[in-house]
Structure formats: C-alpha cells, structure tokens
Amino acid sequence: MASSKTKEYTWNEVEQHNKEGDLWIVIDSKVYNVSKFVDMHPGGAAVFYASGIAGKDTTETFFGLHRHEVLLRPQYARLQIGVVAGEEEMIKPPVPGDLSKVPYGEPTWLSDGFKSPYYTDNHRAFHKAFRTFMQEVVQPEAERCEANGKRISQELVDKLSEINFVAMRLGPGKHLHGRKLMGGVTKPEEFDYFHELIVNGEIARFGTRGFLDGLLNGGVIGLPPILNYGSPELQAKIVPEVLDGKKYIALAITEAFAGSDVSGLQTTAVRDGDYWVISGTKKWITNGTFADYFTTGCKTETGFTVILIERGEGVETKAIKTAYSPTAGTAYVTFDKVRVPVSNTLGKAGMGMSVILTNFNHERWMIVASSLAAQRLVVEECLKWAHQRKVFGKPLDSQAVIRYKLGQMISRVEACQNWVENITHQMNNMNYSDMASKLAGPIGLMKAFVSKCGRETAEDATMVFGGRALTTTGMGKYIENYHRTSGYDAILGGTEDILADLGVRQAMKKMPKDSRL
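Report follows, based on the coordinates.

Procedures and definitions
Residues numbered from 1 in each chain as written. Predicted model: local features only at pLDDT ≥ 70, side-chain atom pairs only at ≥ 80, totals over all residues. Heavy atoms only, no water. Helix = DSSP H or I, 4+ residues; strand = E, 2+ residues; numbered from the N terminus. Buried < 20%, exposed > 50% of the residue type's maximum accessible area, 1.4 Å probe, protein only. Contact = heavy atoms within 4.5 Å. Salt bridge = Lys/Arg side-chain N within 4 Å of Asp/Glu carboxyl O.

### Describing the environment of Arg484
Here's step 1: Within the secondary structure, Arg484 sits in helix α17 (residues 477–491).
Here's step 2: By relative accessible area, which is 32% here, Arg484 ends up partly exposed.
Here's step 3: In this structure, the C-alpha to C-alpha distance between Arg484 and Ala458, residues 26 residues apart in sequence, is 8.6 Å.
Here's step 4: If we ignore the near neighbours within four places in the chain, the residues touching Arg484 are Ala323 and Tyr324.

Structural data, given as structure tokens:
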C-alpha cells in the first residue's frame, strides 16, 4: 500500500482545494495540505491567499522566499500528502558527501572533466569520506552552536577524536604515527598537506565562522610549540591529552597592550627557584574560555619566552563579546602570580620569538585554507540566488551588473585557489627549515591577498542578495555570516598590512646585489 506521501493527485483535484480551511499547494511536484498551517506561517496567512498560490504550483514563489532545507524539516515535511500524477521532483535532497554541480562551486580538481597535478585518488577518497563525516556528524551541531553560542560538545569532540581530527589539522608528521586517520582511508605515511588542505576547507563550508574557530582551533595553534619545543616529559603528557580530545589548549600571545608587536607584551614571568611566577593578561584568546592549557608568551629577564600554563589557581578566564558567535570561546585571560614549573618552558628562555615564528607559517596557511573555502561557498550561493531570483520578470543574472559582480567573485576565488595550491605543493616538497626560510614571505602575501579578496567578495555578495544579506536566517544567512565575519581572516594570524609588508621585506632581503634595470 502506498504511503500518503506517494499518493497521486491530478491537477484538477489539487485546484479544488483553494479556500480558507481547505488549502493545498504544490512545490516541486509535491502536494502539501497547509489548511491548518496557514495561521502558523511565520510570514502570515495572507500570502497563501494571494493570486496564484492556493491550489496552484507555487514552486517559483517558494524558492524566491525559502531555502530548500525548509521542506526537509520534520514540521514541514509532514504537511506533504502526496505528489502530482505524472510529475517528478526536480530539486533533490542533498546527499552527504556529494559534490556541487554549480559551476565554480567546487575547486577545479573536484569539477567534472577537469584535471589537477596535485591530487591523487587517495585525496579524492579522503575528501569524500571527510565531507560525508562533516555533513552528517558535525554540521548539525555547528549550526546549533553558531546560533546559541554554546561550546562544542564533548560528544562531538569524542567523535572527532575517533578520526584523529586535531592530529590531522597539525599536518603530516611524527604525531600521526600509529593513528588511524579517517577510519583508515588514508595511512599516516600518506597524509600530506593537501589532505590537510581538504580538512581546513571542508570545516569552513557551513557558514558558521564562530564555530569554525570553536572547532578546537586552539589545539591547532597552541599545540605545535609543545610538539616542537617541549621537553619529552611535557610532550608525553600534553600531546596525547589534546589529540585525543581529553584536554583543550589555547595560544595566549595577544594582549590589549600588544598584538603584532610582541615586544610590547606586559605579561611577566619571574624566576623563583624551579618555578616561574607569572602575572599579566591576555585578550582575544580563541578557545580560552574552555582551555585547560595556555601556550603563553611572557616577558622574562632574558627576553621573550613561551611557557605552558595549566589552568588552576591564579588563572581566570571570561568571555569576550565579538562580532562572531561565542561558540569560539574567545576569552580575556588573567594570570595572577601563577606558579609554573620551569620545565614547562618551551624552547630556551629568551628565545620565544623563534618558537612563535615557526608556528606562524602553518597558522596563516590554515587560516587561508578555511577562508578560501568559505569564499567559494559564498560564490556558489550567489550563483544559485542570481539564477533563481526573479526581478522585473527576469532572473537576477539577466542583469549585466550582476553578471559583472559574479565574474569578479569567480576570478578572485580562482586566483586564490591557484596560489594556495602552489604554496601547498611547495610545503609538500620542502623540509621544515626550508619552509621557514623560503615561505614566510609568500605565505604572508598570500594571506593578505586571500583575506582582501574575501572581504571584496563579501561586499559584492551583499549587493547580490540585497536585504536578505542582512538577515541571520533564511536565504541570505551564509552571506550575512560571511560579511560580518570575513574581517577575522584579515586580522587573525597577522593583519593584511603587516603581512604584506613582511612579504616585501623578505623579498628585499633576497634581492641580488647585481640587479639593475
């Protein structure tokens, strides 16, 4: 026996239900009985009694006002009573892991018929598995937390730990040995920076910028100094705890007194026997509200020093309200005469600058990878909207000015993609020392370029979506979030101006002495 959702009706039958108390509509071949729903409709009942709605095909009207996901919500899906005889739905529910068919909705290497020298079959298998996982397991919580501001749940952290999420976000290396990556899709010795590029891109495709940073970004930037400069004893204790999702860590460098200028830091560490006594404050610390450890920049007698501080007596954190969701755990951190073992020093006392600088390249590259994916999502959203939105009786993309904006957005994201993949290829073929000496400038310039392109695309996207781009829900929700938060990519990890200057200064140092016009 056929279910109520597959019961067939003729158009003549549907058209009879066109009045108050007995009202049906059709959306994409599906018949909905909205007789009781009209009075609960968020937009009011009057819209259902407008010409061409009651008893009619309202597909175009619906998709001019709502996203497809609305039809999939249980409270609305239950209103379906059947289908129109002889017709089939055109707009299918998304399948986790599937690729977008929208032109430029995916990077070239994932687009049908295109080739890339950078990616292997294993990268493709890894991408499929990771996107499926993110959409099935992570996206529902990402959207909830972005809205309610709550931190990531331990339940989700445990699921992420099963695939070794944080470990993969630290890139290839010895920390992956013995770990099962993405259920065994990729072996630790196979994992390279293009695998990590996939990870950093896919986590940014939900339009949830606050949750992106709340997704344990503190571990990505706070743990490498321990991996590279911590004592064997410290590594043995801290690294497994963080990689397995049992403890959380944050990088605590920035203060209200100093950002890019770390020489202006005022947090002090004074030696007292086998302990440091640390006092000071840190501001805008990602994941700081729930971190158990803080990789902290301090001023000592011998200069800038990085010390690992465990949350305990004398450590206090409080949330800072910023433009994105509190789910990121952005904190103001206070250290009040905190006693920390000298063995928690990362690297040598007074040599903290080298500890932090070796961390910057990867952090900036990571920010770029996520920024790029978020930018591409916005391009895809704009292409969809411009195609389905009707103005003056024609699709929005029939307007030359809109096509020009779309052309600019596509050009920017494709330019960014090519630069990012080129740098990633260099990372795969350089040792750590070469990366530090050769890529600091290019990565700085790349980050400045990508974040600036992102903010330009945010402005263009806002014009394409109009008023919907100012609303946190509905058709333009991804555009609103991106426009409001794209500036984070221009600031975190180093501002555009600072990084552009860094890139040029690095180039000037390598100018050949005999170069002349």
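Structure shown, so let's carry the discussion forward.
### Details of the pattern of salt bridges
Any two side chains of opposite charge can pair, on the condition that their charged atoms come close.
Here's step 1: Using the criterion set out here, one finds 28 salt bridges in the structure.
Here's step 2: Measuring nitrogen to oxygen at the nearest pair gives 2.8 Å for the salt bridge that ties Asp489 to Arg209. Remark: Arg209 occurs in helix α9 (residues 209–214) and Asp489 occurs in helix α17; sequence separation between them is 280 residues.
Here's step 3: Residue Asp489 is classed as buried on the basis of its relative accessible area of 5%.
Here's step 4: Of the charged contacts, one joins Glu414 and Arg376 as a salt bridge, the two residues approaching to 2.8 Å between their closest N and O atoms. Remark: Arg376 occurs in helix α13 (residues 352–388) and Glu414 occurs in helix α14 (residues 400–428); sequence separation between them is 38 residues.
Here's step 5: By relative accessible area, Glu414 is classed as buried at 16%.
Here's step 6: What makes Arg376 buried here is its relative accessible area of 3%.
Here's step 7: When salt bridges with common partners are traced through the structure, they connect Arg67, Glu69, Arg73, Glu381 and Lys477 into a single cluster.

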